Amino acid sequence: MNKIEHIGIAVKNLEATNALFEKLLGVPNYKIEDVLSEGVKTSFFKAGPNKIELLEASNENSPIAKFIEKKGEGIHHIAFAVDDIVAEIERLKKEGFIVLNETPKKGADNKLVAFVHPKSANGVLVELCQEIKD
Ligand code: ZN
């Protein structure tokens, strides 16, 4: 795995949290994107080399809605950049991790993504992401 690509934060109200994070980081978000397959609306910020992803549920069955119900708002996942997501999924499975996506899927911000179950990673939901090159 390479660097941390971004940190995902679950929020109840994307508009309000966008305003808050703009004040916190001193920069506006650079992108808002609906990820229909995941039932989330996302907003991205850059702070220096670091990226923050805010996630709001777009329906009540969204994993973000369930997360907030159980744990409240806060850090939801840590995403690592990988060069070869298919190889990385295989490697992690061999190491005994529970990978939630056998085949990577299209995520936000032009990425192929796969998630590692927090149960197998000390309570941390880990996202692997590989830039889609076109
Ligand atoms: Zn993410």
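One can find the structure itself at the top, above this paragraph.
What this report covers is the structure whose coordinates are included nearby.

The rules behind these values
- Residues numbered from 1 in each chain as written.
- Predicted model: local features only at pLDDT ≥ 70, side-chain atom pairs only at ≥ 80, totals over all residues.
- Heavy atoms only, no water.
- Donors = N, O, S within 2.8 Å, 3.2 Å for Na, K, Ca; no water.
- Tetrahedral: all angles 85-135°; square planar, octahedral: opposite > 155°, others 65-115°.
- Helix = DSSP H or I, 4+ residues; strand = E, 2+ residues; numbered from the N terminus.
- Phe/Tyr/Trp six-rings, centres within 6.5 Å; stacked < 30°, edge-to-face > 60°.
- Pairing = 2+ DSSP bridges.
- Buried < 20%, exposed > 50% of the residue type's maximum accessible area, 1.4 Å probe, protein only.
- Lys, Arg positive; Asp, Glu negative; His and termini not counted.
- Salt bridge = Lys/Arg side-chain N within 4 Å of Asp/Glu carboxyl O.
- Contact = heavy atoms within 4.5 Å.

Quick look at the coordination of the zinc ion now. Bound to the zinc ion are the protein donor atoms His6 (NE2), Glu53 (OE), His77 (NE2) and Glu127 (OE), situated 2.0 to 2.1 Å from the metal. Taken together, the four donor atoms surrounding the zinc ion define angles of 85 to 174° at the centre, an arrangement classified as irregular. Sequence spacing among the residues donating to the zinc ion works out to H-x46-E-x23-H-x49-E. Of this pair, His77 sits in strand β5 (residues 74–81) while Glu127 sits in strand β8 (residues 126–131), and the two are 50 residues apart along the sequence.

Bringing the packing of aromatic side chains into the picture now. Enumeration over the complete set of coordinates arrives at two aromatic pairs. Arranged with centres 6.2 Å apart and planes meeting at 45°, the rings of Phe21 and Phe45 form a pair that is tilted. Taken as a pair, Phe21 in helix α1 (residues 14–25) and Phe45 in strand β3 (residues 40–47) lie far apart in primary sequence, 24 residues in all. Ring geometry for Tyr30 and Phe44: centres 6.2 Å apart, planes at 40°, overall tilted. Taken as a pair, Tyr30 in the loop between α1 and β2 (31–35) and Phe44 in strand β3 lie far apart in primary sequence, 14 residues in all.

Once that is clear, we can look at the pairing of β5. Strand direction decides the pairing type here: strand β1 (residues 4–11) and β5, joined by six bridges, are antiparallel. The residue of β5 that forms the bridge with His6 is Ala79. Alignment of β5 against β8, held across four bridges, turns out to be parallel. Across the sheet, Ile78 pairs through a bridge with Val126, a residue of β8.

The next subject is the side chain of Glu53. With respect to the secondary-structure elements, Glu53 resides in strand β4 (residues 50–57). For the buried Glu53, which has no salt bridge, the nearest side chain bearing the opposite charge is Lys51, at an N-O separation of 8.1 Å. Once residues lying within four places of it in the same chain are set aside, the contact partners of Glu53 are His6, Ile7, Gly8, Ile9, Thr42, Ser43, Phe44, His77, Ala108 and Glu127.

The next thing to look at is the side chain of Thr17. In this fold, Thr17 is placed in helix α1. According to the relative accessible area criterion, Thr17 is buried, its value standing at 11%. Not counting chain neighbours up to four residues away, the residues in contact with Thr17 comprise Val11 and Leu54.

At Asn110, a residue that is not glycine, the phi angle is positive and equals roughly 60°. The class of Asn110 is partly exposed, set by a relative accessible area of 26%. The phi dihedral of Asn122 falls on the positive side, at around 55°, and the residue is not glycine. When its relative accessible area of 79% is taken as the criterion, Asn122 is described as exposed.

Note that every value here comes from positions in space, so none of it alone points to a role or purpose.
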